[in-house]
Structures are given as structure tokens and as C-alpha cells.
Amino acid sequence: MLARLSDTLWRRPGLFILLLLTPPLLWLGIIYVGSLFALLLQSFFSIDEFSGLIRYELTLKTYYELLTPANGDIILRTIIMACAVTAAATLIAFPIALYAARHARGRLKAFFYLGAMMPLWSSYLVKIYAWKLILAKEGIINWVVEGMGLAFVLNAILAFPVIGGNSLSVSYIGTFIVLLYVWIPFMILPLQAALERVPEPLLEASDDLGATAGQTLRHVTIPLALPGMIAGSIFTFSLTMGDYIVPQIIGSSRRFIGQAVYAHQGTAGNIPLAAAFAVVPIVVMAFYLWYARRRGAFDAL
Amino acid sequence: MTVAVAFENTSRHFGAVVAVDRVDLVIEEGSFFAMLGPSGSGKTTCLRLISGFERPSEGLIRIFGEDSNDIPPNRRPVNTVFQDYALFPHLDVDDNVAYGLMVRGVPRGRRKDEAGRMLELVKLGGYGRRKPSELSGGQRQRVALARALINRPRVLLLDEPLGALDLKLREQMQDELKAIQETLGITFIFVTHDQGEALSMADQIAVMNEGRVIQTGSPREIYEHPRTRFVADFVGSSNVFPPEVSVSFGEAEAWSSLRPETVSLAPPGTGRVDGHVVSVRYLGASKRVTIAVRDHLVAAIIAADSPVPDQGGGVSLVWPAGSFHVMDDD
């Protein structure tokens, strides 16, 4: 019986592939794409201001609402923060990933993996509350800075309009630091994998042809690692865009997209507006990928 | 004659492994020099010592008289054609070839012209806009050559340049490499494990084994007067006889080599020694016959149309006086 089944599958490889792919395709098709479509659909409904009930008619009213100054600020703030976190993550992750891919060997390499992955093992909330303590006015950073007699530097930084605040834990700088900390492993790992795949002879060829180390980095290493960098930036960018817990706990009380979605679908009961907010990151990501592709970022794949 | 590259008592160790062992070598300017040896003989490490990717553990490398130990690869007057070509996959052929000029800050227009000229030299004119992935193995090889030549190096290094090509293409590229070397008049140093390639292209050969240079000389010297058993065996699968067998064949009592193509066959009892045929292998233009003389095997290469007794048949061996070549005992 089992032998006959295995024979049949051997004769008809298509059937075998179909059997293997059906469960994940159902999952992807119905649960994921389906709910995404439902979300999209919701965003074209609107809410009745008087009754607070959803009107099931297709309209762009919710999207107009998205563009009011208050909501526009939330979107802009979130995009700027996501850009800043992604840029900083790329800058910080690149040397780390380069070191791990090119120079670390044996135990040092194991240590690197551990170092990059460890933050992912502990609870997200624990990490954020730990950061709140670190960044607070009574926290370790303030204590060290004061001990070194550099309190005036920290105060000068915190005195900046918009990004500053009473202490690091209630400023945008704090939000930025914690988001960077939480999401940077998602930049290091793909970048490191991409750098590891850059063949050594290509670097030697560049060197042999007269390039300095900087020129090799710019003309060979970075272009060939670009797909990994883009992959990492997709992670850090979209994870920052969607995060609603970090800005809630650390930072000023001004909202980010994630918080807006959370508030509108919850207490406010404005599902259409929550859906419209949720569409924003999708649109931004789609535009980003389209642009990266057009600029040839994936040509080396 | 100017000396292009000189090894002076140069060694390279990797931990306990001695890749290059006290090598002394002089490569003259304008020569087509082959480093020949089996894999693991240290020939590629020698090439990397010249290009600067390895530094000597002891001794030094001189390039045009200058001690090069502290000169990084990007500042040596040397360029390399890498074994698997190492073309930049994200750049088109033009940009690959012009890379050396680009990093030197040559303006774009001049770069394009020069790359075009180099591609003409390697017979790839008009391929400039293609990506390396769109080229065949032979074409990639030519791009790698053009890219290495664009900086007008005084020495060109080639690491198993023809290893990945099929036989017909390999023969064609051998002729072309030779022609390009003669046109440009620069020194070519190439590494190969293929003795036929070394013999047909080079005008000087260094035979290497276990990190040491065993013999240097012209192809003819190497082929006809191998200094040691290893050289005789590696360059052209010679017959190698220990002293007692040489004596029994009526020659001097010493390690000797006998080229298979100098041996001919005669009816039993008419030649120098008698034996019987063990095997006959057809090689196209010739045949390789293995004959057992007492308990020693002797190979003979004869014309494909000459008659050979069946397997086990008696036969006598003939060779001209002076064919036995006496060698060092190592």
C-alpha cells in the first residue's frame, strides 16, 4: 500500500509537489493574503460620526481623514523615525557584519553569532523596560555622565527642540536608541550572510588591479552585499514602522502609526481609519522595493 | 638581460605546512615562464608571493631589482589572470576591463577607448555591454586577460589560465596567449599542472615538487635531460629504471630515464632485450605499448599503423645508443 503510494508519487512528481505545497499555500493564500485584502477593503469603508457605526459603502473618506494635519504628522513622524533607525542600523551593522564575515574565525565567530542573536532571546517587554531604567533621569547613563562631569553635554543634547526632552527616556532620542537596539539584529544577520557570499578572489582581483581598500569596499564589496543590505533594511524599516510598544513606553507622548492603529481599532472603534493607517507601511514598502529594483539593487542576485 | 622577478631563498609556511621551501629562482624580463608541478607543489603560492597576496616567511622577492616584501599588491607592477577569472559579476565587460583605470582616476572617456582597444586585442570587440554571466568560459578568460593587461603591467601572472577550458579551446588559447606575449613583449609567468601546456608555451620552465624547485631550464632541457626521477616521471611519463635494471639492459649502473618514443619494437631475439606485450593503448596518431621485460615494465610509443604482436606475444626492444639518460638519485 505504502509502496504503491510511493511509486505513484515517483511517477507523477507534479502530484507530490502539489501535496507538499497545499498546506503552506492555503495558509499564505487564505490567512495572509485574505486578511490583507480584508484590511484593504475595510480602509475603503467609513464611520458614521453620529452613531459610531461602520458604513459598508466604498468611499475614499477615510483616506481624506488620514491626510488631516494631526494624522499626517503621525505618518511623517513614523516614516522619519523608520528612516533614521534604518540608516543608523546600516551604518552600525556594516562594520560588525564585515568583521564577522571576513575576519572572525572559530570561537570568535561563534561569539559574534551569540552576540547578534542574544538580544532576540529575551522578552521584548523586558528589554524595553530595562532600557527605560537605563535611560531614565535616575538611570545609569545619567549617573555615568554626571560622574564624568559631562552633564552639560547631555543637557545640551536634550535641549534640542523636538528630539530632546526632560530625560532620554521621554525623548525621541530615547525612542530612537531603543528601536535601533531592538531591530538591529535583523540588519546584521542578512548583511553578514551577504558579505560572506562575496567571493574572496573578487576582492583580490580588485586589490591586484590597483584599488585601495576603500575603493574595493565601494566598488566591489558594497555593490555585491547590496541585496543583503536591502533585505536588512526591509526588516528594520517595516518593524520600526509597525512598532507600537516602544514609542508607548519610551519617548514623548506623541503617537506613531502603530499606536494610532492600536487606538483606532480598540477603544475608538474606528476600524476603517485603523485599516487606512495600516495600509501606509505597505504602500511605503512597495514603493521602496520598486525603487530599489529600478536602481539595480538586485542585479547582483 | 634584466631580471623581472627573483626569489632569494624564499619560504612560505602556513603553520606547520611548508608551502614554499627555500626557493631560488630568476625570471628574466620578456620570458614566457612556466611553473610546473602537481597540485600542492607550491606553484600557486609562488605566484601569490609575486602578486603580493602572500608574504614570504623567510627570504625575499625582488621585482625588477626592488625588494617587494613591504609593497602591497595594489602597488606592484604586476597583474593577475585569476584561476576562475574572478570577473566582477555586477559590472559589464567594459567596466570589468576598465576597472584598473577607474581606480586610478582615469576619466570615463579615455577608459572606454582603452577598454575597447584591449577587447580588440583579445578578439572580443563589441562585447563591452554584456555581463560576465552572459559569456562562455573562453570569453570570460579573454575578458580576464584584457582586464589584467589594461594597467600595462611589466609582469603578467596567470594561475592555471586554461584549466577550465575544453581541449580545442585550450589549444587555440595557447597560441593566442603566446602571440599576445610576443606582441606586448612583457614577462608572462604562468602556473600549470599540465606538462604539455608548459612544454608547448613556455620558453623557461621551473618544475616544482613539495615546495621546492627541482629543475629550471628550457622545455627541451627539461624534457630531454630531467635532473631527477620526479622530473622524468612528471614531464612526459618516462620510463624510469633503478640502477640494477639499467645494468641488466646493458647501460650504466645508475638511475636512468628512457623516453617511450625512443623505444621501437623488433621481432624476438633481434633487439637489445626481449619481453612480452602486456597491453596496447590506442592514442590516435600513436599507440602506447607496455612490455614486460623480466619483471620490469617498459612503455613504448610507436606509430599507430606499426604492427604489434597480440597481448602476451614475444617482442624485442630497440633504442638508439645514448637514449638512456642518467639522473640524480632523488
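Calculation rules
- Residues numbered from 1 in each chain as written.
- Chains lettered and ligands numbered in written order.
- Predicted model: local features only at pLDDT ≥ 70, side-chain atom pairs only at ≥ 80, totals over all residues.
- Heavy atoms only, no water.
- Helix = DSSP H or I, 4+ residues; strand = E, 2+ residues; numbered from the N terminus.
- Rg over C-alpha atoms; globule rule 2.2 N^0.38 Å.
- Buried < 20%, exposed > 50% of the residue type's maximum accessible area, 1.4 Å probe, protein only.
- Contact = heavy atoms within 4.5 Å.
- Pairing = 2+ DSSP bridges.
- Expected span 1.5 Å × (residues − 1).
- Bend = angle between axes of the 7 residues up to and from the residue.
- Buried area = accessible area lost by both parts, 1.4 Å probe.
- Salt bridge = Lys/Arg side-chain N within 4 Å of Asp/Glu carboxyl O.
- Polar contact = N/O pair within 3.5 Å; in protein donor to acceptor, adjacent residues only side chain to side chain.
- Nonpolar A, V, L, I, M, F, W, Y, C, P; charged D, E, K, R; others polar.
- Core = buried A, V, L, I, M, F, W, Y, C linked by side-chain atoms within 4.5 Å.
- Axes fitted to C-alpha atoms, helices over the stretch in contact; angles between N-to-C directions.
- Parallel < 35°, antiparallel > 145°, perpendicular 65-115°, else oblique.
- Patch = residues over 30% accessible without salt bridge, like charges linked within 9 Å, V, L, I, M, F, W, Y side chains within 5 Å.
- Areas by Shrake-Rupley, 256 points an atom, 1.4 Å probe, with all protein chains shown as cover.
- 1 Å grid on protein atoms, 1.4 Å probe; cavity = no way out; pocket = protein on both sides within 12 Å on 5 of 7 lines; lining within 4 Å.
- Points joined across faces, edges and corners; volume = space filled by probe spheres on them.
- pLDDT = per-residue confidence, 0-100.
- Phe/Tyr/Trp six-rings, centres within 6.5 Å; stacked < 30°, edge-to-face > 60°.
- Lys NZ or Arg CZ within 6 Å of the ring centre and 35° of its normal.
- Domains from an automatic or database assignment.

1. Considering the overall build of chain A
Part 1 of the argument: Counting secondary structure elements, chain A contains 15 helices and two strands.
Part 2 of the argument: At 24 Å, chain A has a C-alpha radius of gyration far larger than the 19 Å of a compact globule built from 301 residues.
Part 3 of the argument: Counting over 301 residues, chain A shows a buried share of 39%.
Part 4 of the argument: Excluding contacts between residues fewer than 6 apart, the proportion of contacts in chain A whose partners are at least 24 apart in sequence is 67%.

2. Overview of the sheet that holds strand S11 (residues 239-241) of chain B
All names here are of chain B.
Part 1 of the argument: Within the open sheet, the three strands sit side by side as S11-S12-S18. Their pairing is antiparallel. Across the chains shown, the open sheet's two edge strands, defined by having one partner strand only, are S11 and strand S18 (325-326).
Part 2 of the argument: Direction of pairing for S11 relative to strand S12 (residues 256-258): antiparallel, over a ladder of three bridges. Residue pairing for S12: Val-240 is matched across the bridge by Ser-257.

3. Things to note about helix H2 (residues 13-43) of chain A
Part 1 of the argument: In a regular helix each residue adds 1.5 Å, so 31 residues correspond to 45 Å; H2(A) covers 43 Å between its end C-alpha atoms and thus fits that length.
Part 2 of the argument: Along H2(A), the largest kink reaches about 40 degrees and is centred on Thr22(A); proline Pro23(A) follows within four residues of it.

4. Overview of the interface of chain B and chain A
Part 1 of the argument: Contacts between the two partners involve 23 residues from chain B, matched on the other side by 18 residues from chain A.
Part 2 of the argument: Together chain B and chain A conceal approximately 1700 Å² of surface at their shared face, both sides included; 60% is due to carbon and sulfur atoms.
Part 3 of the argument: The interface formed by chain B and chain A holds one salt bridge in total.
Part 4 of the argument: With a shortest N-O distance of 2.8 Å, Glu204(A) and Arg48(B) are connected by a salt bridge.
Part 5 of the argument: Across the contact surface, chain B and chain A share nine residue pairs in polar contact (both at pLDDT 80 or more).
Part 6 of the argument: Looking at the side of chain B that touches chain A, the elements with two or more residues in it are helix H1 (43-51), strand S6 (78-81), helix H3 (99-102) and helix H5 (137-149) of chain B.
Part 7 of the argument: Taken together, the residues of the side of chain B that touches chain A break down into 12 nonpolar, seven polar and four charged.

5. Brief notes about the nonpolar core
Where a protein is soluble and globular, its nonpolar side chains tend to be buried together.
Part 1 of the argument: Core analysis: the largest hydrophobic core is formed by 44 residues, its most contacted members being Val97(B), Leu145(B), Leu156(B), Leu158(B), Leu177(B), Phe188(B) and Ile205(B).
Part 2 of the argument: If you tally residues by element for this core, the top one is H5(B), at six residues.
Part 3 of the argument: Apart from the residues within four sequence positions on either side, Ile205(B) is in contact with Phe33(B), Ala34(B), Leu36(B), Ala198(B), Leu199(B), Gln215(B), Thr216(B), Gly217(B), Pro219(B) and Ile222(B).
Part 4 of the argument: In this structure, Phe94(A), Ala97(A), Ala194(A) and Phe256(A) belong to the second largest nonpolar core, which totals 37 residues.

6. Section: the pairing of strand S9 (residues 204-209) of chain B
Side-chain direction in a regular strand flips from residue to residue, so the side chains alternate between the two faces of the sheet.
All names here are of chain B.
Part 1 of the argument: Among the six residues that make up S9, five are buried, leaving the element largely enclosed by the rest of the structure.
Part 2 of the argument: Of the strand pairs in this sheet, strand S3 (residues 32-36) and S9 are connected by four bridges, and their pairing is parallel. Looking at S9, one finds that Ala-34 is bridged to Ile-205.
Part 3 of the argument: Alignment of S9 against strand S10 (residues 212-217), held across five bridges, turns out to be antiparallel. Counted as the bridge partner of Met-208 is Val-213 from S10.

7. A closer look at the packing of helix H9 (residues 172-183) of chain A against helix H10 (residues 185-196) of chain A
Residues and elements named next belong to chain A.
Part 1 of the argument: Two numbers describe how H9 lies on H10: the axes approach to 5 Å, and their chain directions differ by 40 degrees. Taken together, H9 and H10 sit at an angle that is classed as oblique. Together, Tyr-181, Val-182 and Trp-183 of H9 and Pro-185, Phe-186 and Met-187 of H10 make up the contact between the two elements.

8. Points about the sheet that holds strand S1 (residues 3-14) of chain B
All names here are of chain B.
Part 1 of the argument: Strand order in the open sheet made by the four strands is S2-S1-S4-S5, with antiparallel pairing throughout. The sheet is open, and its two borders are formed by strand S2 (17-28) and strand S5 (66-67), each paired with just one other strand.
Part 2 of the argument: Along the sheet, H1 contacts S1, S2 and strand S4 (58-63); its crossing angle with S1, the most-contacted strand, is approximately 115 degrees.

9. Topic: unusual backbone geometry
Residues and elements named next belong to chain B.
Part 1 of the argument: Residue Phe-64 is not a glycine yet carries a positive backbone phi of 50 degrees.
Part 2 of the argument: The topology assignment puts Phe-64 in the loop between S4 and S5.
Part 3 of the argument: Phi at Glu-210 takes a positive value of approximately 50 degrees, unusual for a residue other than glycine.
Part 4 of the argument: Here Glu-210 shows up in the loop between S9 and S10.

10. A word on a nonpolar patch on the surface
Residue and element names in this part refer to chain A.
Part 1 of the argument: Judged by side-chain polarity, Ile-140, Trp-143, Val-144, Met-148, Leu-150, Phe-152, Val-153, Ile-157, Phe-160, Val-162 and Ile-163 come together as a nonpolar surface patch covering roughly 1100 Å² of accessible area.
Part 2 of the argument: Elements that contribute at least two residues to the nonpolar patch include exactly helix H7 (140-147) and helix H8 (151-158).
Part 3 of the argument: By secondary structure assignment, the location of Phe-152 is in helix H8.

11. Looking at the pairing of S3(B)
Residue and element names in this part refer to chain B.
Part 1 of the argument: Counting buried positions over the five residues of S3 gives five, a clear majority of the element.
Part 2 of the argument: Sheet topology places S3 next to strand S8 (residues 187-192); five bridges connect them, and they run parallel. Following the sheet pairing, Met-35 is matched in S8 by Val-191.

12. Observations concerning empty space enclosed by the protein
Residue and element names in this part refer to chain B.
Part 1 of the argument: All chains considered together, the criterion is met by one cavity of 30 Å³ or more.
Part 2 of the argument: Estimates place the volume of the largest cavity at around 40 Å³.
Part 3 of the argument: Forming the walls of the largest cavity are Asp-94, Asp-95, Ala-98, Arg-108, Arg-111, Lys-112 and Ala-115.
Part 4 of the argument: With four residues, the top contributor of residues to the lining of the largest cavity is helix H4 (residues 108-121).
Part 5 of the argument: Its residues placed into classes, the lining of the largest cavity shows two nonpolar, no polar and five charged.

13. Comments concerning the confidence of the model for chain A
Part 1 of the argument: Averaged over all residues, the pLDDT of chain A equals 88, while 99% of them reach at least 70.
Part 2 of the argument: When pLDDT is averaged over each element of chain A, helix H11 (residues 200-208) of chain A comes out on top at 95 and strand S2 (residues 54-55) of chain A at the bottom at 81.

14. Some points on the packing of aromatic side chains
Part 1 of the argument: Summed over the entire model, instances satisfying the criterion amount to 21 aromatic pairs over all chains.
Part 2 of the argument: An aromatic cluster is present here, built from Tyr124(A), Trp183(A), Phe186(A) and Phe235(A) joined pairwise through their rings.
Part 3 of the argument: The lysine or arginine in question, Arg147(B), covers the ring of Phe88(B), its NZ or CZ lying 4.8 Å from the ring centre.
Part 4 of the argument: Positioned over the ring face of Tyr223(B) is Arg259(B), at 4.0 Å from the centre of the ring.

15. As for helix H15 (residues 271-294) of chain A
For an α-helix the count is 3.6 residues per turn, leaving residues at separations of three or four pointing the same way.
Residues and elements named next belong to chain A.
Part 1 of the argument: The end-to-end C-alpha distance of H15, which contains 24 residues, comes to 35 Å, matching closely the 34 Å that a straight helix rising 1.5 Å per residue would cover.
Part 2 of the argument: All buried positions along H15 are accounted for by Pro-272, Leu-273, Ala-274, Ala-275, Ala-276, Phe-277, Val-279, Val-280, Pro-281, Met-285 and Ala-292.
Part 3 of the argument: Positive phi appears at Gly-296, one or two residues downstream of H15, with a value of about 85 degrees.

16. Some details on the domain arrangement of chain B
Residues and elements named next belong to chain B.
Part 1 of the argument: Entries for chain B in the domain assignment read domain 1 (3-233) and domain 2 (238-326).
Part 2 of the argument: Here the C-alpha centre of domain 2 lies 38 Å away from the C-alpha centre of domain 1.
Part 3 of the argument: Listed as interface residues are eight residues of domain 1 and, on the opposing side, seven residues of domain 2.
Part 4 of the argument: Between domain 1 and domain 2 the total buried area reaches about 690 Å² when both faces are included, carbon and sulfur atoms providing 49% of it.
Part 5 of the argument: Looking only at domain 1, the three residues that lose the most surface to domain 2 are Tyr-223, Arg-229 and Ala-232, adding up to 66% of its buried area.
Part 6 of the argument: Applying the counting criterion to the domain 1 and domain 2 interface returns five residue pairs in polar contact (both at pLDDT 80 or more).
Part 7 of the argument: Mapped onto the side of domain 1 that touches domain 2, the elements with two or more residues apiece are helix H8 (219-224) and helix H9 (229-234).
Part 8 of the argument: In the side of domain 1 that touches domain 2, the residues fall into four nonpolar, one polar and three charged.

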